[in-house]
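# Descriptive structure summary
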Amino acid sequence: MNGTAIENFVCVIFNVSFMNCTWHVGRTASGDTQYFLYWRTSKKEDFTGCQNYIKDNCGRHTGCTFQNVTIENKRAYFLVNGSRSGQNIQSYEKKIILYKIEKLTPPLNVTVNCKEASHGCEIRWQPPHTSHVKNHACFRYEIVIENKADPEKNIKKTSKTERSITEHSYIFESFSAEKRYSVKIRATDNGCLVSTSWGEWSTPVEFGKEQLTSTSSYTLFLIPVLAASLVLFLCTLSIYLKKTSAIVPQPRDPFHDLSAMDFQTEYKNQLIKHETEEITIIEEVT
């Protein structure tokens, strides 16, 4: 029946191996219409049905998610059919070249190394990760460097954009130590089997004065704290050692600590004790 087939069928590959396909229900499709998606990567293969549908508020299938999708220059064939009240409805077919629908991941490992003496910063990165492209020359990059606003110094927000970078590094020559910046990068095709749409932006990396000041302030704060902690530890240890040495008695040397006078007094005490001893004699009675 006319108007029951799906509309606006779109598929996107993202995060290297995930794919989402979505569509709108037909213009004349009723609430009990249900759709089913099948796909294959070769006409020699059998169609495989969707295992994870996306549904609307009426419970109708309006999309499908796939995992472990590989591109490898493949063409994919999609078929969406369905039924309404037990009757078949119009089917929909579409052929898609998979690499053209890939949303590239952000460039990896973005780093910034600034040298204040030369007023320049070297920005470096690595290519986005894909399942089918191994040649690093297959990508072209767009880089946006933004100067952060600073109302206290009357510095306004500005940005600089370069869109035709084919290398994996860029020299930013307008660096000022008095300003704070951020940089983000994304990739697209450079004449290979790569999607011509721009990929995802990398996470912005900040650099400049605020970052350096923050690190210096933290260091200045940390040094006196560590010094105070060390002094407190040494004082506590000193008090503990003094208390410990006062509690432990010193051993007595019977040969060196006893003087001649002490020896004579000790001898007299032993004689008196001997003379005053009471001797009791017990006789045996027979």
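Before reading on, note that the structure itself is shown above.
This write-up is about the structure you can find in this document. (Residues numbered from 1 in each chain as written. Predicted model: local features only at pLDDT ≥ 70, side-chain atom pairs only at ≥ 80, totals over all residues. Heavy atoms only, no water.)

### Quick look at the sheet that holds strand 1 (residues 7–14)
Let me state the cut-off plainly: Criterion used throughout: strands pair if DSSP finds at least two bridges between them. Secondary structure elements follow DSSP: runs of H or I no shorter than four residues count as helices, runs of E no shorter than two count as strands, and numbering proceeds from the N terminus. Inter-axis angles, ranging from 0 to 180 degrees, are taken between N-to-C directions of lines fitted to C-alpha atoms, where helices are fitted over the stretch in contact.
Within the open sheet, the four strands sit side by side as 1-2-6-5. Their pairing is antiparallel. If you trace the sheet from one side to the other, it starts and ends with strand 1 and strand 5 (53–55), each paired once. Strand-to-strand twist across the sheet, computed as the mean angle between neighbouring axes with direction ignored, equals 20°. When strand 1 meets strand 2 (residues 18–24), the two strands line up antiparallel, connected through six bridges. If you follow V10 over to strand 2, its bridge partner there is T22.

### Description of unusual backbone geometry
Heads up, the condition is: Here's how the labels work: a residue is buried when its accessible area is under 20% of the maximum for its type, exposed when over 50%, partly exposed in between, all with a 1.4 Å probe on protein chains only.
One non-glycine residue with positive phi stands out, namely N68, at about 60°. Along the chain, N68 falls in the loop between strand 6 (61–66) and strand 7 (75–84). Exposure remark for N68: the relative accessible area of 67% places this residue in the exposed category. Its identity as a non-glycine residue notwithstanding, N109 has a phi of 50°, on the positive side. One can find N109 in strand 10 (residues 108–115). Its relative accessible area of 52% is what places N109 among the exposed residues.

### Examining the nonpolar core
Operational definition: Grouping buried Ala, Val, Leu, Ile, Met, Phe, Trp, Tyr and Cys residues that are joined through side-chain atoms within 4.5 Å yields what is termed a nonpolar core. Contacts are assigned to residue pairs that have any heavy atoms within 4.5 Å of one another.
Judged by nonpolar contacts, the single largest core of 24 residues is most densely connected at F9, C11, M19, C21, L37, F66 and F78. Among the elements of the structure, strand 1, strand 2, strand 3 (34–40), strand 6 and strand 7 are those that each provide at least two residues to this core. Not counting the four nearest positions on each side in its chain, C21 is found in contact with F9, V10, C11, L37, T62, G63, C64, F66 and F78. Counting residues in hydrophobic clusters, the runner-up holds 21 residues, among them I123, Y170, F172 and A187.

### Comments concerning the pairing of strand 7
A large share of strand 7 lies buried, amounting to seven of its ten residues. Two strands pair when backbone bridges link them, and strand 3 and strand 7 are joined in this way by seven bridges, in the antiparallel orientation. By the bridge assignment, W39 is partnered in strand 7 with F78. Taken together, the six bridges between strand 7 and strand 9 (residues 92–97) define a ladder with antiparallel strand orientation. Within strand 9, the residue paired with R75 across the bridge is I97.

### Focus on the packing of aromatic side chains
Aromatic ring pairs are described here by two measures, namely the spacing of the ring centres and the angle between the planes. Heads up, the rule is: Aromatic rings from Phe, Tyr and Trp, taking only the six-membered ring of Trp, are treated as a pair when their centres fall within 6.5 Å; an angle between ring planes under 30 degrees marks them as stacked, one over 60 as edge-to-face, and anything in between as tilted. Over a ring means this: the NZ of a Lys or the CZ of an Arg is within 6 Å of the ring centre and within 35 degrees of the ring normal.
This model, assessed by the stated rule, comprises 13 aromatic pairs. Their ring planes at 25° and their centres at 5.9 Å tell us that F14 and F18 sit as a pair that is stacked. Under the relative-accessibility criterion, F14 is labelled partly exposed at 29%. Ring pairing ties together the aromatic residues F9, W23, W39, F66, F78 and Y92, which thus form one cluster. In this structure, K184 is placed above the aromatic ring of W201, and the distance from its NZ or CZ to the ring centre is 4.6 Å.

### A word on the pattern of salt bridges
The line we're drawing: Whenever Lys or Arg places a side-chain nitrogen within 4 Å of a carboxyl oxygen from Asp or Glu, that contact is recorded as a salt bridge.
Overall, the coordinates contain five salt bridges when judged by the stated rule. We note a salt bridge from R60 to D56, for which the minimum N-O separation is 3.0 Å. On the basis of relative accessibility, which here comes to 12%, the residue R60 falls in the buried class. Given a relative accessible area of 24%, D56 falls into the partly exposed group. Of the charged contacts, one joins E122 and R124 as a salt bridge, the two residues approaching to 3.0 Å between their closest N and O atoms. The partly exposed category is assigned to E122, whose relative accessible area is 29%.

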